[in-house]
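Residue-level listing of the chains:
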Amino acid sequence: MSQDLPLRGAVPNSYVLLLYDYLAEQGLDATVLLGAPPPASHAESPTRFPVTRWKALLETAAARLGDPLLGLHLGERVTPAHFGLMGYVLLACENLAAALQRLREFERLFYDVSPLRVHAEDEQLILQWGTEAGRPGALADEAAVTALVTLARDITAAPTMAPISIDFVNPAPADRSPHEAILGCPVAFDSTSTRVRIPVQWLAMPLRHPDPQLLALLRAQAAEQLRRLPPRGEFGAAIRTLIPELLQQGRADAPTVAGRLHLSLRSLHRHLAAEGQSFRALRDECLYQLACDHLADQRLQLGEIAQLLSYSEQSAFTRAFRRWSGQSPRRFRQALQTRGHAQCSN
């Protein structure tokens, strides 16, 4: 069974616009297919797009194109401009080591989902992302990793450079050869985390447009943009606390939550979008956690649990729980009982 956390986080609007450009190249009207594009980034304030919506846009576009490799194809086309201010920060660095330092410093402006962790091992540098912010899915993960490789090739003017290996958390495709051809290295799947391994020697590689004076100005702008972002999860955390309380009163919808926080509905959604979250995903996360707690209480019938979670029918609760966890609540409860019996017998 899946125990993945609900997806949360954000990507730059400028990164999302890459998809609109790509669809135009394919002769499609992206606005008709996906809706109006997000506004372009500007220097005064970061513009961010919830990763839940980014995932949905990619899935819609891939289905329309009949292209399960859309993430790879998008990543191949990325330029520094597609990451807004951060793209130019990286381009102005002296070498790849400095670019990696700036990436870690301003990561939330670049790709604000699960945080990047970096460590060295046997003359290799490992860039690693977990799933603590959920799983964006194969299309988003492959677009992000391919974009990172493409960006490294661009800023170093080394178009053939390739990592040592790459691991993805997603299930393996029937044919991984397109991944290995585009990324230039062995690619594995079903990993516990996303990992990109590069030689430590790469850190000394000079970049093609180093500019210390420009970098100082850009870093100051990036620091101001970072300062304007809300703390990770602060607003969402308040809503996570509020939803269980409102469920006990029978209503935990967006208008009710907004009213309790003395906000308009529009402001509620705007604050959540700034944290890379949506109300629906946040509410689903709370409902899923509460459902798991209730299912562990063998005294509660499934119909009673559905009522506790404000579902008018048990069937609606079952469909929702299957969407969250990949299995029915009954099967989940049976698995809990099996584990409990095994622990008691040890």
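Just so you know, the residues in each chain are numbered from 1, in the order the chain's sequence is written. Two thresholds apply to this predicted model, a pLDDT of at least 70 for residue-level local features and 80 or more for giving and counting side-chain atom pairs, whereas whole-chain, interface and lining totals are computed over all residues. As a rule here, side-chain values come from all non-hydrogen atoms in the structure, and water together with hydrogens is ignored.

Points about the confidence of the model for the protein
Turning to step 1, where the next piece is worked out: Confidence of the predictor at the level of single residues is captured by pLDDT, which takes values from 0 to 100. Per-residue pLDDT for the protein averages 88, and the proportion of residues at 70 or more is 93%.
Turning to step 2, where the next piece is worked out: Whether two residues are in contact is decided by their heavy atoms, any of which lying within 4.5 Å being enough. Across residues 341-346, where pLDDT falls below 50, the model places 0 contacts with residues more than four positions away in sequence or in other chains.

Regarding the pairing of strand β3 (residues 116-121)
Turning to step 1, where the next piece is worked out: Relative to strand β4 (residues 124-129), β3 is paired through 6 bridges, and the arrangement is antiparallel. Bridged to H119 within β4 is I126.
Turning to step 2, where the next piece is worked out: At least two bridges found by DSSP between two strands are what make those strands a pair. Helix and strand definitions here come from DSSP, where helices need a minimum of 4 consecutive H or I residues and strands a minimum of 2 consecutive E residues; each element is numbered from the N-terminal end. Between the antiparallel neighbours β3 and β4 lie 2 residues, among them D122 with a positive phi of about 55°.

Points about the pattern of salt bridges
Turning to step 1, where the next piece is worked out: Note on definitions: salt bridges are taken to be side-chain nitrogens of Lys or Arg within 4 Å of carboxyl oxygens of Asp or Glu. If you walk through the whole model with that rule in mind, you get 14 salt bridges.
Turning to step 2, where the next piece is worked out: With a shortest N-O distance of 2.6 Å, E224 and R227 are connected by a salt bridge. Of the two residues, E224 and R227 both sit in helix α10 (residues 212-228), 3 residues apart, roughly one turn of that helix.
Turning to step 3, where the next piece is worked out: Note on classification: 1.4 Å probe, protein chains only; a residue is buried when its accessible area is under 20% of the maximum for its type, exposed when over 50%, partly exposed between these limits. For E224, a relative accessible area of 28% translates into the label partly exposed.
Turning to step 4, where the next piece is worked out: For R227, a relative accessible area of 58% translates into the label exposed.
Turning to step 5, where the next piece is worked out: A salt bridge links D284 to R323; its shortest N-O distance comes to 3.0 Å. Taken together, the positions of D284 in helix α14 (residues 279-295) and R323 in helix α16 (residues 314-325) put the pair 39 residues apart, joining distant regions of the chain.
Turning to step 6, where the next piece is worked out: Take R323: its relative accessible area is 47%, and that puts it in the partly exposed class.
Turning to step 7, where the next piece is worked out: Each of R102, E105 and R219 takes part in salt bridges that share partners, so that together they form one network.

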